[in-house]
Amino acid sequence: MSKYKPTIGIEIHAQLTTKSKMFCGCDNNSRKAQPNVNICPVCIALPGTLPVANKGAIEMAIKLAHGLNAKVATNTSFDRKNYFYPDSPKGYQITQMDQPIIQKGHVEILVADQFISIGIHHAHLEEDAGKLIHPEGTDYSLVDFNRAGTPLVEIVSEPDIKSTEQAKRYLQEVYNIVTSLGVCDGDMQHGNFKFDLNVSVSNSAELGTRTELKNLNSFRNAERALSYEINRQIEVLEGGGTIEQETRGWNDTKAVTFSQRSKEQANDYRYFPEPDIPPMVLSRELVSSVQSEIKILPINVRKELHLLKLSVSEQDILISQPKTAEIFMSAQARLKSPELVKQAVNWLVGDYQAILVKTKKPVLTGGNLAELITLIEDGTISSKIAKDIFAEVVAGLKPTDIVSSKGLKQLSDNSELELIIKKIILDNPKPAEAYRAGNERVLGFFVGQAMQATNGQANPTKVSSLMVKLLKE
Amino acid sequence: MAKLTVDEIQAVAKLARIQLQDNELASVSEEVSSILDFVMAINEVDTARVVPTSQVTGITNVWREDEVHKCKIAPKDLLSEAPDFQDGCIKVKKVL
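Rules behind the numbers
- Residues numbered from 1 in each chain as written.
- Chains lettered and ligands numbered in written order.
- Predicted model: local features only at pLDDT ≥ 70, side-chain atom pairs only at ≥ 80, totals over all residues.
- Helix = DSSP H or I, 4+ residues; strand = E, 2+ residues; numbered from the N terminus.
- Rg over C-alpha atoms; globule rule 2.2 N^0.38 Å.
- Core = buried A, V, L, I, M, F, W, Y, C linked by C-beta atoms within 7 Å.
- Buried ≥ 20, exposed ≤ 12 C-beta atoms within 10 Å, placed from the backbone.
- Arc of directions from axis to C-beta.
- Contact = placed C-beta atoms within 7 Å.
- Nonpolar A, V, L, I, M, F, W, Y, C, P; charged D, E, K, R; others polar.
- Pairing = 2+ DSSP bridges.
- pLDDT = per-residue confidence, 0-100.
- Domains from an automatic or database assignment.

As a further point, take the overall build of chain B. Each helix and strand counted, chain B has three helices and three strands in total. Going from the N terminus to the C terminus, chain B shows its helices and strands as α-α-β-α-β-β. A compact globule built from 96 residues should have a C-alpha radius of gyration of about 12 Å, whereas chain B, at 22 Å, is more than 25% larger. In terms of its C-alpha atoms, chain B occupies a principal-axis envelope of roughly 50 × 45 × 25 Å.

Now the structure itself:
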């Protein structure tokens, strides 16, 4: 083991799912649009235009604050960050520096079966830049301003992250938070959720010099880039060298990080308060009314699932589907034992997933799922019947209604079952003989016959024990 | 007396995307330094007890509902000042 320990801080940029842009009414969804169609005088910065903040984006930031266990700033305002680049029509970005909307918070992550807390330094609102395309082998670049002005939140962690594994879990957990709150689509291939990683290594109590890995957009690459960079820094230090504070990129094909910009070349952004947008005062009433819309947070689901001793990857299936997670939370509140709650998980990660693929509008409720599980538990229906009617339960019907209207109540009445079983034994003398001669495998055949004869309504355990008893007579 | 070095002038010129000729550097640094001197007169005011002010209207919470309003001006008119186009994009000198 290396004596060097890494320290990692992460900045995440998440695009918000507002209908319109951050400071103008242009369509915020340009996924299928031609270049430069969702633009207006404000977002391409024609002289004399006035940006007006999107209330929807502010409300999303207020929601996110709850997900990050952070306070919403009562007083919040925008600042200008000045730089010249062709993707920035104004020559500055409207962002927040002095009074970010989201204050200190924390995110809990589960690593090696332990929940640990990663501090959030703050998170703020800002606007995205336009898109630059660099056609290969040419001496020009192309600019598309459709994305210019898209609302972003930047989530800045404390340098609390101590390993590549923790970094990956942190990224995934923040991803779960923004997607489950519905504030970000999380389409990582299209750059909805990107991050910069600050990393340093040190073999003493003092922090080492950090480098910044810019613009990663996959969890896997974050992991690979971090491992590479940590090893690179350790090698430089072991070889007697020093780490330069610089910005580095990640080359996916070569699987290496490379120097992009040194500290000397770093921009002086000349921040100052945005004069065109008056400051905001966010009342308690606004904050609590927006946050009261939040139903569940991923961490609550994870903690429930962790209690059931489900693995992190099993937990992730439910957590990655906010609606399914909601059904789970509502079902588990109604179920009496951990065993039954585990069955709810099995339904949701099993049969329900298969139906989801085919159904456009599933209306499974936690209440109906809990009811179905209880009907199996108390012996009213067999698990086979439950499977048969599950599609109808997902379509919104109440399990007890389906059972009573179709007469699916399980046959547990011994005398009725005995009659059926006796007849099956009489009809199949040869297998019965074989069983008595010691071939116990034919029992399966008999149970199958009985289930068929009762349209699956018999209790299989009961059938099996009665069958054994009657075959031996 | 403010005295900006030639290096500082070059750094500022770079950030502002202003190209200065070598023979201009000395005179520009003189001029900018004297302008700075003039503005620095404001430093004589005692602001120890003054709250920093960036807005004077007292207006707060100017925001709009999240609704899409398509711009009535056609994109090609909006971008008519751009020097060159290709594939619907604005064409610029290669960056990166």
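Of all hydrophobic cores here, the largest spans 75 residues; its most connected members are Ala61, Leu64, Leu68 and Leu197 of chain A. One finds Ala325, Leu348, Tyr352 and Leu408 of chain A within the second-largest nonpolar core, a separate group that totals 30 residues.

Let us now look at helix α12 (residues 399-406) of chain A. Residue and element names in this part refer to chain A. Taken together, the buried positions of α12 are occupied by Pro399, Ile402 and Val403. Taken around the axis of α12, the buried residues stretch over an arc of 95°, which confines them to a single face. Exposed residues lying more than 90 degrees from the buried face of α12 are Ser404 and Ser405. Of the surrounding secondary structure, the elements contacted by the buried residues of α12 are α10 (366-377) and α11 (383-394). Of the residues one or two after α12, Gly407 is the one with positive phi, at around 60°.

Our focus in this paragraph is the interface of chain B and chain A. Facing 31 residues of chain B, the contacting portion of chain A comprises 40 residues. Of all the elements in the fold, those that place two or more residues in the side of chain B that touches chain A are β1 (63-64), α3 (75-78) and β3 (89-93) of chain B. With five residues, the single largest contributor to the side of chain B that touches chain A is β3 of chain B. Its residues assigned to classes, the side of chain B that touches chain A shows 14 nonpolar, eight polar and nine charged. When strand β2 (residues 53-54) of chain A meets β1 of chain B, the two strands line up parallel, connected through two bridges. Residue Asn54 of chain A lies in a different strand from β1 of chain B, and its bridge partner there is Arg64 of chain B.

What follows concerns the confidence of the model for chain B. Predicted coordinates in areas of low pLDDT are best not read in detail. Residue and element names in this part refer to chain B. Per-residue confidence for chain B gives a mean pLDDT of 90; residues scoring 70 or more make up 98%. Of all helices and strands in chain B, the one with the weakest mean pLDDT is helix α1 (residues 6-15) (86), whereas β1 scores best (96). We note a pTM of 0.84 for the whole complex and an ipTM of 0.85 for its interfaces.

Attention now moves to the domain arrangement of chain A. When its domains are assigned, chain A resolves into domain 1 (5-284), domain 2 (295-406) and domain 3 (414-472). The centre of domain 1 of chain A, based on its C-alpha atoms, is set 66 Å off from the matching centre of domain 3 of chain A.

The next thing to look at is the pairing of strand β7 (residues 114-127) of chain A. Residue and element names in this part refer to chain A. The pairing of strand β6 (residues 105-111) with β7 spans seven bridges and is classified as antiparallel. In the strand pairing of β7, Leu110 is matched with Phe115. Hairpin connection of β6 to β7: two residues between the antiparallel strands, including Ala112 at a positive phi of 50°. In this structure, β7 lies alongside strand β10 (residues 151-157), joined through seven bridges in antiparallel fashion. From the neighbouring strand, His122 faces β10, where its bridge partner is Val156.

Here we come to the sheet that holds β3 of chain B. The four strands lie next to each other as β8(A)-β9(A)-β3(B)-β2(B), forming an open sheet whose pairing is antiparallel. Here the strands that pair on one side only, and so sit at the sheet edges, are β8 (131-133) of chain A together with β2 (85-86) of chain B. In terms of strand pairing, β8 of chain A meets strand β9 (residues 140-144) of chain A through three bridges, oriented antiparallel. Along β9 of chain A, the bridge assignment pairs Leu132 of chain A with Val143 of chain A.

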